Amino acid sequence: MSGTTPQPVTVVGLGPMGRAMVTALLDRGHEVTVWNRTASRADGLVERGAVLAKSVVDALAANELVILSLTDYAAMRQLLEPAPAAGALAGRVVVNLSSDTPEETRAGAEWISRQGAVMIAGGVTVPPSGIGRPESSSFYSGPREPFERHRATLESLTGTDYRGEDPGLAALMYQIGMGMFWTSMLSYWQAVALADANGLSAKDILPHAESTMNAMPGFLRFYAERVDAGDHGGDVDRLAMGEASVEHVLHTMSDAGVDTALPAAVAALFRRGTAAGHGADSFSSLVELLKKPSP
C-alpha cells in the first residue's frame, strides 16, 4: 500500500529462499528480525541491517508477522513444538512458505491455531532469484482478514494470488505446478540424454526444445474445456495413434542406449488406456485413469 510505513517482520529460516526474502524486505524498508539454526547464515543480512535474534523464541516475540522459510511442515513442528517456542506463538500471524502436502498444511494450520496464532499458507512459485521481482507470484490461502492486513508486506516478496480460506489451497496449487514442472524438466533431461547419445549437445537441440515447450499452452487451452465436459471423443486425436508414437519414442531411447524408465512409464500408461477400451478416444481419456490409484 502506497504511503504506508513498512511493517516490521520476522523471518525464520535462512536458506537461499529465506535470505532472498530478507534481502527483498530490507530493500523495501522493512525492519527484519531473523533467526536460523546456523547463525552465520545471517552475517551478510545483519551487515545490511537485519537483526539476528538470539533464539527462535526471541525471533517470534519480536514481531506480529512471522514468515517461515523451512523445508517442510515437519521442520516447523520440530522447531516450534517445544514449550518455549510454542508459548511465544500466541497473537502471531505465521506465514508459512514451506512446501508440503495440502493435508499436512491443514494440520499445521490447526496446530498453529491451537497455540493462539493464525497461519497463512503460501506457495512460492519462483526460485530465490525471482524474489523481489514484480512479475513473480505466490499462492496464499487462510483467514482473509490477516492476509489482507499483511498483503503489502508479502508483496515485497512477490505478487500475491489469494485462493481462499482453506489453508490447503495454496499448497494444492503449488503442488499442481510442481507436478507439471518436475515431469516437464525430466522430459527435457531425457531429450538431452538422447541428443548426447547421438552426438548432439543441449545447446544444439535448444531451439527445438523451446519450440516444443512454447507450443504447450495451446494444447492446454484446447483440452481444458473438453476435459471438464468429459468429452474425450476421438475427432481430433486417438489414443491408439498416441500409443504408437510413444512406443516409437521408447524404442528410440532403447536403441540409443539411454535410460528408459521415464518413456517406459509413459508407454505403460498409454497401453493401460488402450486396454481399458479407449483406443478410439482422444488421449485426453488418460486423465480418467489418472483420477484413480494405479492398479
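Residues numbered from 1 in each chain as written. Predicted model: local features only at pLDDT ≥ 70, side-chain atom pairs only at ≥ 80, totals over all residues. Heavy atoms only, no water.

The name given to the chain in an unreviewed UniProt entry is 6-phosphogluconate dehydrogenase, with Streptomyces inusitatus as the source organism.

Novice: In this structure, what is going on with the overall build of the chain? I would like to understand it.
Specialist: In terms of regular secondary structure, the chain is built from 13 helices and 8 strands. For the chain, the spread of C-alpha atoms along the three principal axes comes to 60 × 45 × 40 Å. In the chain, which comprises 295 residues, the share counted as buried stands at 41%. Taking all contacts inside the chain whose residues are at least 6 apart in sequence as the whole, residues at least 24 apart take part in 62%. Looking at the chain as shown, the accessible area adds up to about 15500 Å², and 58% of this sits on carbon and sulfur atoms. Here the chain contributes 23 positive and 33 negative side-chain charges, whose respective centroids are spaced 4 Å apart. (Helix = DSSP H or I, 4+ residues; strand = E, 2+ residues; numbered from the N terminus. Buried < 20%, exposed > 50% of the residue type's maximum accessible area, 1.4 Å probe, protein only. Contact = heavy atoms within 4.5 Å. Areas by Shrake-Rupley, 256 points an atom, 1.4 Å probe, with all protein chains shown as cover. Lys, Arg positive; Asp, Glu negative; His and termini not counted. Charge placed at Lys NZ, Arg CZ, Asp CG, Glu CD.)

Novice: Is there a simple way to think about the pattern of salt bridges in this case?
Specialist: Pairs can form between side chains of opposite charge once their charged atoms are near each other. Throughout the structure, instances matching the rule amount to 14 salt bridges. In this structure, E110 and R114 form a salt bridge, with 3.5 Å as the shortest nitrogen-oxygen distance. Residue E110 and its partner R114 are located together in helix 6 (residues 102-114), separated by 4 residues, close to a single helical turn. The salt bridge involving E288 is made with K291; its shortest N-O contact spans 3.4 Å. (Salt bridge = Lys/Arg side-chain N within 4 Å of Asp/Glu carboxyl O.)

Novice: Which parts of the structure should I look at to understand the UniProt feature "domain: NADPH-dependent reductive aminase-like C-terminal" (unreviewed entry) in the chain?
Specialist: Residues annotated by UniProt as "domain: NADPH-dependent reductive aminase-like C-terminal" (unreviewed entry) correspond here to residues 166-292. Annotation note: span residues 166-292, helix share 76%, strand share 0%, distance between end C-alpha atoms 24 Å. (UniProt positions renumbered as here; feature names shortened; annotations may be inferred.)

Novice: Looking at this structure, I do not really get the packing of helix 4 (residues 73-80) against helix 6. What am I missing?
Specialist: Interhelical geometry of helix 4 versus helix 6 gives an angle of 20° and a closest axis separation of 10 Å. As judged from the angle between their axes, helix 4 and helix 6 are roughly parallel. Taken as a pair, helix 4 and helix 6 cross one another with a handedness that is left-handed. In this structure, helix 4 contributes Y73, M76, R77 and L80 to the contact, and helix 6 contributes E104, T105, A107, G108, W111 and I112. Taken together, the residues that form the contact of helix 4 with helix 6 break down as 6 nonpolar, 2 polar and 2 charged. (Axes fitted to C-alpha atoms, helices over the stretch in contact; angles between N-to-C directions. Parallel < 35°, antiparallel > 145°, perpendicular 65-115°, else oblique. Left-handed = near helix turned anticlockwise from the far one by under 90°. Nonpolar A, V, L, I, M, F, W, Y, C, P; charged D, E, K, R; others polar.)

Novice: It is not clear to me how helix 6 should be interpreted in this structure. Could you clarify?
Specialist: Residues that lie three or four places apart on an α-helix share one face, since the helix turns once every 3.6 residues. Compared with an ideal rise of 1.5 Å per residue, which puts 13 residues at 18 Å, helix 6 spans 19 Å between its outermost C-alpha atoms and is within 8% of the ideal. Of all the residues in helix 6, the buried ones are P102, T105, G108, A109, W111 and I112. Looking at the buried positions of helix 6, the neighbouring elements they touch are helix 4, helix 5 (83-87), strand 5 (93-96), strand 6 (118-124) and helix 8 (168-197). G116, located one to two residues past helix 6, shows a positive phi value of around 85°. (Expected span 1.5 Å × (residues − 1).)

Novice: Got a minute to help me understand the packing of aromatic side chains in this structure?
Specialist: Given two aromatic rings, one states the distance between the centres and the angle between the planes to describe the pair. Within the structure shown, the criterion is met by 7 aromatic pairs. Each ring, one from F181 and one from W182, has its centre 4.9 Å from the other, and the planes form 70°; the classification is edge-to-face. Since its relative accessible area comes to 38%, F181 is described here as partly exposed. (Phe/Tyr/Trp six-rings, centres within 6.5 Å; stacked < 30°, edge-to-face > 60°.)

Novice: Looking at this structure, how should I read the environment of F181?
Specialist: In this structure, F181 sits in helix 8. In this structure the C-alpha to C-alpha distance between F181 and A215, which are 34 residues apart in sequence, comes to 16 Å.

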